[in-house]
Amino acid sequence: MRLLLENTPERRALDKDNMVRIRLKRIGTTNQPAFRVVVTDNRSPRDGKFIEEIGTYLPLKKGDNVTLKMERVDYWLKMGAQASDTVASFINKAKRVAV
């Protein structure tokens, strides 16, 4: 039996500081906000490196301003990633529209 003190998948799953998050990354300019929905390590800065880009959000665009790759969103949520509050609302809205 391996100890949980080693760097094992079980140990990393228990370590809440190393959580993977789905959150927004700002890419827009001044007065032209634009965001990417990215999967990133919880410790990375807001506009830092990320694991995967899974969507976009254009807040100034009227109507359909959020695009998400739902199959990748579902994959990352199954893998244990936690969505930020804003991204969670985007996911819920996209699931309601799809039904």
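Coordinates for the structure precede this section.
Worth saying up front: this structure is predicted, and the values here are computed from it rather than measured.

Draft legend 1. Just the packing of aromatic side chains, in detail. Scanning all chains against the criterion turns up three aromatic pairs. A centroid spacing of 4.7 Å and a plane angle of 45° characterise the contact between Tyr57 and Phe90, whose relative ring orientation is tilted. With Tyr57 in strand S3 (residues 52-57) and Phe90 in helix H3 (residues 85-98), this residue pair connects regions lying 33 residues apart in the sequence. In terms of burial, Tyr57 and Phe90 fall into one category: buried. Aromatic side chains Tyr75 and Trp76 sit 5.3 Å apart centroid to centroid with 75° between the ring planes, which places their arrangement in the edge-to-face category. Classification of Trp76 by relative accessible area gives buried; the value is 14%. Among the aromatic residues, those joined into a cluster by ring pairs are Phe35, Tyr57 and Phe90.

Draft legend 2. The arrangement of the sheet that holds strand S4 (residues 66-68) in detail. Spatially, five strands are ordered S4-S3-S2-S1-S5 in an open sheet, and the strand pairing comes out mixed. At either end of the open sheet lies a strand with only one pairing partner, and these are S4 and strand S5 (82-83). Examined bridge by bridge, S3 and S4 share three bridges and lie antiparallel to one another. Looking across to S4, one finds that Thr56 is bridged to Thr67. Sitting on the sheet, helix H2 (residues 70-78) is in contact with strand S1 (20-26), strand S2 (35-41), S3 and S4, with an inclination near 125° to S3. Along the sheet, H3 contacts S1, S2, S3, S4 and S5; its crossing angle with S1, the most-contacted strand, is approximately 95°.

Draft legend 3. Representation of the pattern of salt bridges in the model. Going through the model one piece at a time under the given rule, you end up with five salt bridges. Ionic pairing is found between Glu53 and Arg36, a salt bridge with its closest N-O pair at 3.4 Å. Separated by 17 residues along the polypeptide, Glu53 in strand S3 and Arg36 in strand S2 bring together distant segments of the chain. You can call Arg36 partly exposed: its relative accessible area is 29%. Note that Asp41 and Arg43 form a salt bridge whose closest N and O atoms lie 2.7 Å from each other.

Draft legend 4. View of unusual backbone geometry. Notably, Asn31 is not glycine yet its phi reads approximately 65°, a positive angle. Take Asn31: it is sitting in the loop between S1 and S2. What makes Asn31 exposed here is its relative accessible area of 66%.

Draft legend 5. Quick peek at the nonpolar core. Ranked by internal contacts, the top residues of the largest apolar core, which has 15 residues, are Ile22, Leu24, Val37, Ile54 and Leu68. When contributions to this core are tallied by element, the ones reaching two or more residues are S1, S2, S3, S4, H2 and H3.

Basis of the calculations
Residues numbered from 1 in each chain as written. Predicted model: local features only at pLDDT ≥ 70, side-chain atom pairs only at ≥ 80, totals over all residues. Heavy atoms only, no water. Phe/Tyr/Trp six-rings, centres within 6.5 Å; stacked < 30°, edge-to-face > 60°. Helix = DSSP H or I, 4+ residues; strand = E, 2+ residues; numbered from the N terminus. Buried < 20%, exposed > 50% of the residue type's maximum accessible area, 1.4 Å probe, protein only. Pairing = 2+ DSSP bridges. Contact = heavy atoms within 4.5 Å. Axes fitted to C-alpha atoms, helices over the stretch in contact; angles between N-to-C directions. Salt bridge = Lys/Arg side-chain N within 4 Å of Asp/Glu carboxyl O. Core = buried A, V, L, I, M, F, W, Y, C linked by side-chain atoms within 4.5 Å.

Such coordinate-based values are descriptive only and should not be taken to indicate function.
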